[in-house]
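# Structural overview
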Amino acid sequence: MMAALEETTKICTKCGYGKPTDKFGNQPMAKNGLSSWCKECISKQVKEYYQGHKVEAAEYKRVHKVRYDKYRQKYKQTLRGHINSRFHDIKERCNNPRHPKYKYYGSRGIKLRFTFNELYDWCVTNHVNPRGLEVHRIDNNGHYELDNIEFITPKEHGSKHKE
Ligand SMILES: [Zn+2]
Ligand SMILES: [Zn+2]
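Please read these numbers as outputs of a predicted model, since none were measured by experiment. (Residues numbered from 1 in each chain as written. Chains lettered and ligands numbered in written order. Predicted model: local features only at pLDDT ≥ 70, side-chain atom pairs only at ≥ 80, totals over all residues.)

What follows concerns the overall build of the protein. A tally of regular secondary structure across the protein gives five helices and six strands. Listing each helix as α and each strand as β along the protein from the N terminus yields α-β-β-β-β-α-α-α-β-β-α. Relative to the compact-globule value of 15 Å for 163 residues, the protein shows a C-alpha radius of gyration of 33 Å, a clear excess of over 25%. Along the longest, intermediate and shortest principal axes, the C-alpha atoms of the protein span 105 × 30 × 25 Å. Classification of the 163 residues of the protein by burial places 8% in the buried group. If you take every contact in the protein between residues at least 6 apart in sequence, the share linking residues at least 24 apart comes to 34%. (Helix = DSSP H or I, 4+ residues; strand = E, 2+ residues; numbered from the N terminus. Rg over C-alpha atoms; globule rule 2.2 N^0.38 Å. Buried ≥ 20, exposed ≤ 12 C-beta atoms within 10 Å, placed from the backbone. Contact = placed C-beta atoms within 7 Å.)

What follows is the structure in structure tokens.
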């Protein structure tokens, strides 16, 4: 009977095939409660969408990484960048038990007693650019404090620790 056929099959508006109604997903807002595209067409569309976006997302990431790396490289060459990398090293040595040099610093009770901004201001005031220099504690048992540090060349530093 015609009526029975209409109830059990439906034409997909995407692929144009008549398919059993169980091949269509539910769509409460639609006339007969079924979506106008068959499940196969919808899943194909979803797959294509994500494939397209995957490529887009990878490209976005790639471009941004290049831009970010360029920015990082530039930043590292600035005064702030040089100070930041020394500050980070000190912080890790003193506070991160997984740092290879923690045993000489953090576990000996050596503490970091200035903030990045304090170190930055100190460098600016004292005309210190730590580029190519190492930070040395004047009193080897003292902490990393602004009146106990100096920036010296690796060579100078090596000879200080030989004494
Ligand atoms: Zn279809
Ligand atoms: Zn030193």
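The next point concerns the environment of R108. Its place among the elements puts R108 in the loop between α3 (79–95) and α4 (116–125). Spatially, the C-alpha atom of R108 lies 72 Å from that of S36, the residues being 72 residues apart in sequence.

This part takes up α3. Spanning 17 residues, α3 covers 24 Å between terminal C-alpha atoms, matching the ideal 24 Å at 1.5 Å per step. Buried within α3 we find H82, I83, F87 and C94. Down the axis of α3, the sector holding all buried residues measures 130°, keeping them to one side. Each element contacted by the buried residues of α3 is listed here: α4. (Expected span 1.5 Å × (residues − 1). Arc of directions from axis to C-beta.)

This paragraph deals with the packing of α3 against α4. Contact geometry for α3 and α4: axes closest at 10 Å, N-to-C directions at 130°. Here α3 is positioned oblique relative to α4, judged by the angle of their axes. Here α3 runs over α4; the crossing is right-handed. Side by side, α3 and α4 meet where R80, I83, N84 and F87 of the first sit next to F116, L119, Y120 and C123 of the second. When the residues that make up the contact of α3 with α4 are grouped by side-chain class, the tally is six nonpolar, one polar and one charged. (Axes fitted to C-alpha atoms, helices over the stretch in contact; angles between N-to-C directions. Parallel < 35°, antiparallel > 145°, perpendicular 65-115°, else oblique. Left-handed = near helix turned anticlockwise from the far one by under 90°. Nonpolar A, V, L, I, M, F, W, Y, C, P; charged D, E, K, R; others polar.)

The side chains of a regular strand alternate, first on one face of the sheet and then on the other. Burial along strand β6 (residues 149–152) is one-sided: I149 and F151 are buried, and none of E150 and I152, which face the opposite way, are. Bridging between strand β5 (residues 134–137) and β6 involves four bridges; their strand directions are antiparallel. Residue pairing for β6: R137 is matched across the bridge by I149. (Pairing = 2+ DSSP bridges.)

Per-residue confidence for the protein gives a mean pLDDT of 91; residues scoring 70 or more make up 95%. Confidence, expressed as mean pLDDT per element, reaches its minimum in the protein at helix α1 (residues 2–8) with 58 and its maximum at α4 with 97. (pLDDT = per-residue confidence, 0-100.)

As a further point, take unusual backbone geometry. With a phi angle near 55°, H127 is a residue other than glycine that sits in the positive phi range. Topologically, H127 is positioned in the loop between α4 and β5. H127 gets classed as exposed once you count the C-beta atoms within 10 Å, which come to 6.

Here N129 shows up in the loop between α4 and β5. Take N129: there are 13 C-beta atoms within 10 Å of it, and that puts it in the partly exposed class. Distance from N129 to H82, taken between C-alpha atoms, is 7.5 Å for residues 47 residues apart in sequence. Beyond its immediate sequence surroundings of up to four residues, N129 is in contact with L79 and H82.

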